[in-house]
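So you can see what is in the structure, the chains are spelled out below.
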Amino acid sequence: MHTLSEMMSKNHERVYFGYDKASGLKAIIAVHSTVLGPALGGTRMWDYSSEELALQDVLRLSRGMTYKAAMAGLALGGGKAVIIGDSTKDKTDDMMRAFGRMVEELDGKYITAEDVGTTEHDMSVIYSQTRHVTGIPKSFGGSGDPSPVTARGVYQGIRACVKESMRVTSLDGLRVAVQGIGNVGWYLCGYLHARGVKLFITDINEYRLQAAVKQFGATAVGPDEIYDADVDVFAPCALGAVLNDNTVSRIRARIVAGGANNQLAPDLADDALMRRGILYAPDYVINAGGLISASSEKLNHSNREVLEKTDNIYYTLERIFKSSAVEGVPTHIMSDRLAERRIQGAV
Ligand code: NAD
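The rules behind each value
- Here the residue numbers are simple positions, counted from 1 along each chain's written sequence.
- With the structure being a predicted model, the display of local features is reserved for residues of pLDDT at least 70 and the display and counting of side-chain atom pairs for 80 or more, all residues being used for whole-chain, interface and lining totals.
- Only hydrogens and water are set aside; all other atoms, that is, all heavy atoms of the structure, feed into the side-chain values.
- Boundaries of every domain are those given by an automatic assignment or by a domain database.
- Residue burial is assigned from relative accessible area. The probe radius is 1.4 Å, only protein chains are included, and a residue is buried under 20% of its type maximum, exposed over 50%, and partly exposed in between.
- Every helix listed is a DSSP run of H or I at least four residues long, and every strand listed is a run of E at least two residues long, numbered separately from the N terminus.
- By the convention used here, strands pair only if DSSP detects at least 2 bridges between them.
- Working rule for contacts: check all heavy atoms of both residues, and any pair within 4.5 Å makes them a contact.
- Any Phe, Tyr or Trp ring, taking Trp's six-membered ring, that has another such ring centre within 6.5 Å forms a pair; planes under 30 degrees apart are called stacked, those over 60 apart edge-to-face, and the others tilted.
- Working rule: Lys NZ or Arg CZ, within 6 Å of ring centre, within 35 degrees of ring normal, means a charge sits over the ring.
- For this purpose, a residue is taken to be near a molecule or strand whenever a single non-hydrogen atom of the residue falls within 4 Å of it.
- Here a polar contact is taken to be a pair of N or O atoms separated by no more than 3.5 Å, where protein atoms must pair a possible hydrogen donor with a possible acceptor and residues adjacent in sequence count only if both atoms sit in side chains.
- Surface accessibility follows the Shrake-Rupley procedure with a 1.4 Å probe radius. Residue values consider only the protein chains on display as shielding.
- Classification used: nonpolar for Ala, Val, Leu, Ile, Met, Phe, Trp, Tyr, Cys and Pro, charged for Asp, Glu, Lys and Arg, polar for all others including Gly.
- What counts as a salt bridge is simple: a side-chain nitrogen of Lys or Arg found within 4 Å of a carboxyl oxygen of Asp or Glu.
- A fitted line through C-alpha atoms serves as each axis, taken over the contacting stretch for helices, and the angle formed by two N-to-C directions is quoted from 0 to 180°.

Caption draft 1: Spatial organisation of the domain arrangement of the protein chain. Looking at the protein chain, the domain boundaries give domain 1 (9-64 + 76-140) and domain 2 (147-287 + 316-341). Taking only C-alpha atoms, the centre of domain 1 and the centre of domain 2 are 29 Å apart.

Caption draft 2: Representation of the pairing of strand S10 (residues 233-236). On S10, burial covers both faces: Val233 and Ala235 on one face and Phe234 and Pro236 on the other are all buried. When strand S7 (residues 175-179) meets S10, the two strands line up parallel, connected through four bridges. Counterpart to Val178 in the pairing with S10 is Ala235. Note that S10 and strand S11 (residues 255-256) share two bridges and pair parallel. Pairing of Val233 across the sheet is with Ile255, part of S11.

Caption draft 3: Main features of the environment of Ile320. Relative to the helices and strands, Ile320 is located in helix H13 (residues 313-327). A sequence separation of 227 residues divides Ile320 from Asp93, and the C-alpha atoms of the two residues are 43 Å apart. Residue contacts for Ile320: discarding those within four places in its chain leaves Met71, Pro282, Val285, Thr331, Met334, Ser335 and Leu338.

Caption draft 4: Representation of the packing of aromatic side chains within the structure. Counted according to the given criterion, the structure contains six aromatic pairs. Seen in terms of ring centroids, Tyr67 and Tyr284 are 6.4 Å apart; in terms of plane orientation they differ by 75 degrees. Their pairing is edge-to-face. Of the two residues, Tyr67 sits in helix H2 (residues 51-71) while Tyr284 sits in helix H10 (residues 283-286), which places them 217 residues apart along the sequence. Residues Tyr127 and Phe140 carry aromatic rings whose centres are separated by 6.1 Å and whose planes lie at 80 degrees to one another, so their mutual orientation is edge-to-face. On the criterion of sequence distance, the pair formed by Tyr127 in helix H4 (residues 120-127) and Phe140 in the loop between H4 and helix H5 (147-166) is long-range, its members being 13 residues apart. Given the relative accessible area of 42%, Phe140 is considered partly exposed. In this structure, Arg131 packs its charged tip against the face of Tyr127, placed 4.2 Å from the ring centre.

Caption draft 5: Seen up close, the site of the ligand. Among the 18 residues in the neighbourhood of the ligand, the closest are listed as Thr150, Val184, Asp203, Ala238 and Asn261. Asn183 places a main-chain nitrogen or oxygen 3.0 Å from an oxygen atom of the ligand. Here an oxygen atom of the ligand sits 3.2 Å away from a polar atom, N or O, in the main chain of Gly259. Burial of the ligand by the protein amounts to 73% of the accessible area it has alone, namely 830 Å². Looking at the shell around the ligand, the elements with two or more residues in it are H5 and helix H6 (183-194). Tallied by class, residues from the shell around the ligand come to eight nonpolar, nine polar and one charged.

Caption draft 6: Molecular detail of the pattern of salt bridges. One pass over the full model with this rule turns up 16 salt bridges. Where Arg275 meets Asp271, a salt bridge forms, and the shortest distance between an N and an O atom there is 3.3 Å. You can call Arg275 exposed: its relative accessible area is 60%. Between Arg337 and Glu327 there is a salt bridge, with its nearest N and O atoms 3.0 Å apart. Here Glu327 lies in helix H13 and Arg337 lies in helix H14 (residues 331-346), a separation of 10 residues in the sequence. For Arg337, a relative accessible area of 32% translates into the label partly exposed. Three or more residues joined by partner-sharing salt bridges are found here, namely Arg44, Asp57, Arg60, Lys80 and Asp115.

Caption draft 7: Representation of the environment of Lys109 in the model. Within the secondary structure, Lys109 is located in the loop between helix H3 (93-105) and strand S6 (110-111). For Lys109, a relative accessible area of 31% gives the class partly exposed. Put simply, Lys109 and Val31 are 78 residues apart on the chain and 7.9 Å apart in space, counted from C-alpha to C-alpha.

Caption draft 8: Up close: the side chain of Ser62. In this structure, Ser62 sits in helix H2. Take Ser62: its relative accessible area is 0%, and that puts it in the buried class. Polar side-chain contacts of Ser62 include one of 3.0 Å to the side chain of His12. Setting aside residues no more than four positions away along its own chain, Ser62 makes contact with His12, Ala30, His32, Gly78, Gly79 and Lys80.

Caption draft 9: Structural context of the environment of Val285. Locating Val285 in the fold gives a position in helix H10. Counting along the chain gives 31 residues from Val285 to Thr316, while the straight-line C-alpha distance between them is 7.9 Å. Ignoring any residue separated from it by four or fewer positions in sequence, one finds Val285 in contact with Met71, Ile313, Thr316, Leu317, Ile320 and Ser335.

Caption draft 10: Structural view of the sheet that holds strand S8 (residues 198-202). Spatial ordering of the open sheet is given by S9-S8-S7-S10-S11-S12, a layout of six strands whose pairing is parallel. Strands with a single pairing partner mark the edges of an open sheet, and in this sheet they are strand S9 (219-220) and strand S12 (279-280). Here S11 runs beside S12; their pairing, made up of two bridges, is parallel. Bridge pairing in S12 links Ile255 to Leu279. Running at roughly 175 degrees to S8, helix H7 (residues 206-216) makes contact with S8 and S9 of the sheet.

As structure tokens, then:
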């Protein structure tokens, strides 16, 4: 792959490569856009089988962050970093310090945070080298676990979808299938259960599943059967790419609205959900509460502002649904267009 042509095709501003011999750090930082503000996005540590795959991933992920921040109404651009290596075997504090120095060299153009393979502890090590990091522990003055805020945004998003698709404002008696009762899924179940929603839940972690059944009076469903559940809303809160040709034809819900990232499989036709009359809440819009929470450390937003911005996800989705109906395009494409308009308007 040719880095420059790949960057140009997705409009990236800069890509930085870092190597530290002493610690073995091999990292790539991609700054997609700083039009709306510094490029914020997590650091993923993954055992990529080639540098090319690492580069492709960081280019794709950093671009996604630009769109997410734009639709969340934040004064932030999009960036992302990848560290090549196995986080369970290769990671050391020295490596994280070397990475922190690399971030520091960019002088605030890029702000890092946690992602797959990096932890709150890693962020506090990076913090010893640079201030340009979020997601540091509460004890260091950070915003802590973003999952409750993410779940609150997903709950608001489900409300917006129900109003749009079912023309009702109450969730009482609604049937919702939640896939994955991890951090986000658990808090989401809490919000929904408190509003009288009947929950159908699944997780590959049986212990977690049974705990949620007990806590929320939910019905447990097998990991594969969740797609066939007779529900109003399907809320993916586990893995990416769960909306593919096989699953979309099985989904009986008229709404798909959940917290997972990258829910649409890459080869799924753009209008596959729309053709089946399923209203889709674009993942990066409905799950932006985590970014809103994590970025509050850098943007000096109070707790009240974080919650207000998260609750605004309801109105952002309303706007997407309206424009999508007017322009006759799927909601995720409409969302991309609205994000691009916000960025272009700021240039
Ligand atoms: P998590 O790891 O705490 O939870 C994921 C849960 O899904 C786990 O309980 C796991 O056992 C379960 N799971 C995995 N594979 C499954 C399968 N095949 N079927 C059913 N369950 C399965 O993660 P999380 O922090 O709750 O995040 C969930 C999703 O939301 C991820 O896609 C994440 O990228 C996205 N997200 C999270 C946040 C956040 O604030 N945590 C913010 C934005 C997006």
